[in-house]
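This is what each chain is made of:
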Amino acid sequence: MIDSLRSRVQLADRLKVRPRDVQAMVVGEHGTSEVLLWSSATVGGIPVTDLLGQHGRPVEDIRREVESDIRYANITIIDGTGASQYGIGAVSARLVEAVLRDERAVLPVAAYSSRRKVTLSLSSVLGAGGVQQMHEPIMAPEEQQALAKSAKVLRTAAEQAIAIGTT
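This text gives an overview of the structure that appears in the document. (Residues numbered from 1 in each chain as written. Predicted model: local features only at pLDDT ≥ 70, side-chain atom pairs only at ≥ 80, totals over all residues. Heavy atoms only, no water.)

It is worth spelling out the overall build of the protein at this point. Regarding its fold elements, the protein presents 6 helices and 8 strands. In sequence order, the protein lays out its α and β elements as α-β-β-β-β-β-α-α-α-α-β-β-β-α. A globule of 167 residues ought to have a C-alpha radius of gyration of about 15 Å, and the protein, at 17 Å, matches this closely. Restricting to contacts in the protein with at least 6 residues of sequence separation, those with at least 24 account for 50%. Working note: accessible area of the protein is about 9600 Å², and carbon and sulfur atoms make up 57% of it. Charge centroids of the protein, computed over 19 positive and 19 negative side chains, lie 3 Å from each other. (Helix = DSSP H or I, 4+ residues; strand = E, 2+ residues; numbered from the N terminus. Rg over C-alpha atoms; globule rule 2.2 N^0.38 Å. Contact = heavy atoms within 4.5 Å. Areas by Shrake-Rupley, 256 points an atom, 1.4 Å probe, with all protein chains shown as cover. Lys, Arg positive; Asp, Glu negative; His and termini not counted. Charge placed at Lys NZ, Arg CZ, Asp CG, Glu CD.)

Written as structure tokens, this is what we have:
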């Protein structure tokens, strides 16, 4: 969820619009293998990539910059303020609110995916019972491949942690 919010801020900044007007989601792990869903990112129903293409720079260059800014935001934030607890606090408060109010809010949060055989972030329905449903958004083929890679990274990390814990 925090990286989805960061993606909206990064895209809004480049497009000169409010972050809440940007619809964009990051799925997979919270880390370097996370997947920004460019194929479904929109502003007012207009694909973000179309809008970025109007800025006189190659869209691929902007995509790489945005993805890097999101993946390494924590480091940048800590270097600038000494800590990153504000974003984490805001996201935590929103999650608690959704659970306590039984909102059934659709948010990009992590839960165990039986299909992917690992815990990762997907589009999830969050309410009083925690994550009540998980859905994989429609993705371009390269996004599907990136999500599969992200899930593999997470499974490998989990297997290594379990192996360390049993030695």
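The next thing to look at is the sheet that holds strand 6 (residues 105–113). The 3 strands lie next to each other as 6-7-8, forming an open sheet whose pairing is antiparallel. In the strand order of this sheet, the two ends are held by strand 6 and strand 8 (130–135), each with one partner. Geometrically, the sheet is characterised by an average inter-axis angle of 55 degrees between neighbouring strands, direction not taken into account. In this structure, strand 6 lies alongside strand 7 (residues 118–127), joined through 9 bridges in antiparallel fashion. Within strand 7, the position partnered with Tyr 112 by the bridge is Thr 119. (Pairing = 2+ DSSP bridges. Axes fitted to C-alpha atoms, helices over the stretch in contact; angles between N-to-C directions.)

In this structure, Ser 123 sits in strand 7. By relative accessible area, Ser 123 is classed as buried at 11%. In this structure Ser 123 touches Met 25, Val 106, Leu 107, Gln 133, Met 134, His 135 and Pro 137, once residues within four positions along its chain are discounted. (Buried < 20%, exposed > 50% of the residue type's maximum accessible area, 1.4 Å probe, protein only.)

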